[in-house]
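As a plain string of letters, each chain reads:
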Amino acid sequence: MDDERNEMDERVIDVADVEVRFDDVVAVDGLDFAVRRGERVAVLGQTGAGKSTLMNLLIGALAPTSGSVRVAGLDPVEDWSAMQGKIAIAFQGPRLLPWRTATGNVAVGLQVLGVGREQRTTKAKDWLRRVNLGDALDRFPSQLSGGMRQRVALARAFAVEPEVLLLDESFSALDEVTASRLRADFLRVAEEARTTSVIVTHSIQEAFELGHRVVVLRKPAVVAHVYTSADHDLSDPYAVAHLRHEVHELMA
Ligand SMILES: Nc1ncnc2c1ncn2[C@@H]1O[C@H](COP(=O)(O)OP(=O)(O)OP(=O)(O)O)[C@@H](O)[C@H]1O
Ligand SMILES: [Mg+2]
């Protein structure tokens, strides 16, 4: 019984039997989705599958029509203010403030949490160094490349040291070399901080590289399959081709 309870406690994200309707459109139909502490779950799905809707449920931007959503033991809609600092999201477009330097942009989330100026500046610089932006601390977004801006967004999300980190297509607008470096940075930091994360992506390669588990969603946000990354060898091109085919079939 105790073991069972501990197991339950470990569920940092717990979405149970959730339905979301927009008028006559069913966007989510009976979704069950759980993520344990320190676990990274990648979510794959075609356009319209319900990935962003799931993210919106987790950050409390959307209430389920029925069913329950719990993040870090809280209801993201009801307990919205208590959730601040517990959850962070990095969007596909980095959404930086153009009049603030890289450091100022990373410090913003900490400022919202009431962290003092000196401490938030120190923290922001520290996180920028961790994503290899140590030489761009005082640059404005217009002076940064797209990949650098995405790094700033990632540093901003990590800086609040959230229990839960959500990435919505964070690497997809970048060239492959930059994306692969940034994925490596993300993995290192997520491991160090034992951050629980959900990574939405269209890339099968990325999903298996970043996620301990890979959840394939099919419209309307139905779990078509769950893979355990460790069971798949991505260095074997035949295995990758087979996996790619299988995932495409599942998403269709
Ligand atoms: N505010 C809304 N009003 C009406 N329908 C909506 C709304 N938001 C989402 N939907 C519908 O819900 C479904 C899921 O949308 P969602 O944005 O979650 O898909 P997605 O998986 O994120 O797609 P993409 O890969 O294109 O970002 C779609 O059919 C979409 O049209
Ligand atoms: Mg989306």
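Small disclaimer: the values here were computed from a predicted structure and weren't measured.

### Comments concerning the site of ligand 1
Consideration 1: Taken together, the residues surrounding ligand 1 are Phe-22, Ala-27, Gln-46, Thr-47, Gly-48, Ala-49, Gly-50, Lys-51, Ser-52, Thr-53, His-202 and Lys-219.
Consideration 2: One of the side-chain nitrogen or oxygen atoms of His-202 is found 3.2 Å away from an oxygen atom of ligand 1.
Consideration 3: Taken by itself ligand 1 offers 640 Å² of open surface, and the protein chains cover 60% of this.

### Structural notes on unusual backbone geometry
Consideration 1: Residue Pro-220 follows Lys-219 across a cis peptide bond; omega there is -5°.
Consideration 2: Along the polypeptide, Pro-220 turns up in the loop between strand E8 (213-218) and strand E9 (222-228).
Consideration 3: The backbone phi angle of Asp-17 is positive, close to 50°, even though this residue is not glycine.
Consideration 4: What makes Asp-17 exposed here is its relative accessible area of 51%.
Consideration 5: For Arg-194, which is not glycine, the phi torsion reads 50° and is therefore positive.

### So, the packing of aromatic side chains
Consideration 1: Counted under the stated rule, the structure contains four aromatic pairs.
Consideration 2: Their ring planes at 5° and their centres at 5.5 Å tell us that Trp-127 and Phe-158 sit as a pair that is stacked. Note that Trp-127 is positioned in helix H5 (residues 117-130) and Phe-158 in helix H6 (residues 146-159), a separation of 31 residues in sequence.
Consideration 3: Taken together, the ring pairs in this structure connect Trp-127, Phe-158, Phe-171 and Phe-186 into an aromatic cluster.

### Brief notes about the sheet that holds strand E2 (residues 25-36)
Consideration 1: Read across the sheet, three strands follow the order E2-E1-E4 without closing on themselves; strand pairing throughout is antiparallel. Of all strands in the sheet, those bounded by a partner on one side alone are E2 and strand E4 (66-71). Ignoring strand direction, the axes of neighbouring strands in this sheet form an average angle of 15°.
Consideration 2: As judged from the nine bridges shared by strand E1 (residues 11-22) and E2, these two strands associate in the antiparallel manner. Following the sheet pairing, Val-18 is matched in E2 by Leu-31.
Consideration 3: Taken strand by strand, helix H2 (residues 51-59) contacts E1, E2 and E4, and its axis lies near 120° from that of E1.

### Observations concerning helix H9 (residues 237-251)
Side chains three or four residues apart in an α-helix point the same way, a direct result of the helix having 3.6 residues per turn.
Consideration 1: With 15 residues, H9 extends 21 Å from end C-alpha to end C-alpha; this agrees with the ideal 21 Å at 1.5 Å per step.
Consideration 2: Those residues of H9 that fall on the buried side of the exposure criterion are Val-240, Leu-243, Val-247, Leu-250 and Met-251. All buried residues of H9 fall inside an arc of 90° around its axis, so they share one side. Turned more than 90 degrees off the buried face of H9, the exposed positions are Tyr-238, His-242, His-245 and Glu-249.
Consideration 3: Where H9 is buried, its residues touch strand E3 (40-45), helix H8 (204-210), E8 and E9.
Consideration 4: Of the residues flanking the start of H9, the one acting as N-cap is Asp-236, its side-chain oxygen 2.9 Å from the backbone nitrogen of Tyr-238.

### Examining the packing of helix H4 (residues 102-112) against H5
In helix packing, the relevant descriptors are the interaxial angle and the interaxial distance, both defined with respect to the helix axes.
Consideration 1: Taken N-terminus to C-terminus, the directions of H4 and H5 make an angle of 120°; their axes are 8 Å apart at the nearest point. With respect to each other, H4 and H5 are oriented oblique. Judged by the twist between their axes, the crossing of H4 over H5 is right-handed. Contacts between H4 and H5 involve Ala-102, Thr-103, Val-106, Ala-107, Leu-110 and Gln-111 on the former and, on the latter, Arg-120, Thr-121, Lys-123, Ala-124, Lys-125 and Leu-128.
Consideration 2: Broken down by class, the residue content of the contact of H4 with H5 amounts to six nonpolar, three polar and three charged.

### Remarks on the sheet that holds E8
Consideration 1: Spatially, six strands are ordered E5-E6-E7-E3-E8-E9 in an open sheet, and the strand pairing comes out mixed. If you trace the sheet from one side to the other, it starts and ends with strand E5 (87-90) and E9, each paired once. Strand after strand, the sheet turns through a mean of 20° between neighbouring axes, direction not considered.
Consideration 2: In terms of strand pairing, strand E6 (residues 164-168) meets strand E7 (residues 196-201) through five bridges, oriented parallel. Residue pairing for E7: Leu-166 is matched across the bridge by Val-198.
Consideration 3: Contacts from H6 reach E5 and E6 within the one sheet, and its direction differs from that of E5 by about 175°.

Definitions and limits used
Residues numbered from 1 in each chain as written. Chains lettered and ligands numbered in written order. Predicted model: local features only at pLDDT ≥ 70, side-chain atom pairs only at ≥ 80, totals over all residues. Heavy atoms only, no water. Near = heavy atom within 4 Å. Polar contact = N/O pair within 3.5 Å; in protein donor to acceptor, adjacent residues only side chain to side chain. Areas by Shrake-Rupley, 256 points an atom, 1.4 Å probe, with all protein chains shown as cover. Helix = DSSP H or I, 4+ residues; strand = E, 2+ residues; numbered from the N terminus. Buried < 20%, exposed > 50% of the residue type's maximum accessible area, 1.4 Å probe, protein only. Phe/Tyr/Trp six-rings, centres within 6.5 Å; stacked < 30°, edge-to-face > 60°. Pairing = 2+ DSSP bridges. Axes fitted to C-alpha atoms, helices over the stretch in contact; angles between N-to-C directions. Contact = heavy atoms within 4.5 Å. Expected span 1.5 Å × (residues − 1). Arc of directions from axis to C-beta. Parallel < 35°, antiparallel > 145°, perpendicular 65-115°, else oblique. Left-handed = near helix turned anticlockwise from the far one by under 90°. Nonpolar A, V, L, I, M, F, W, Y, C, P; charged D, E, K, R; others polar.

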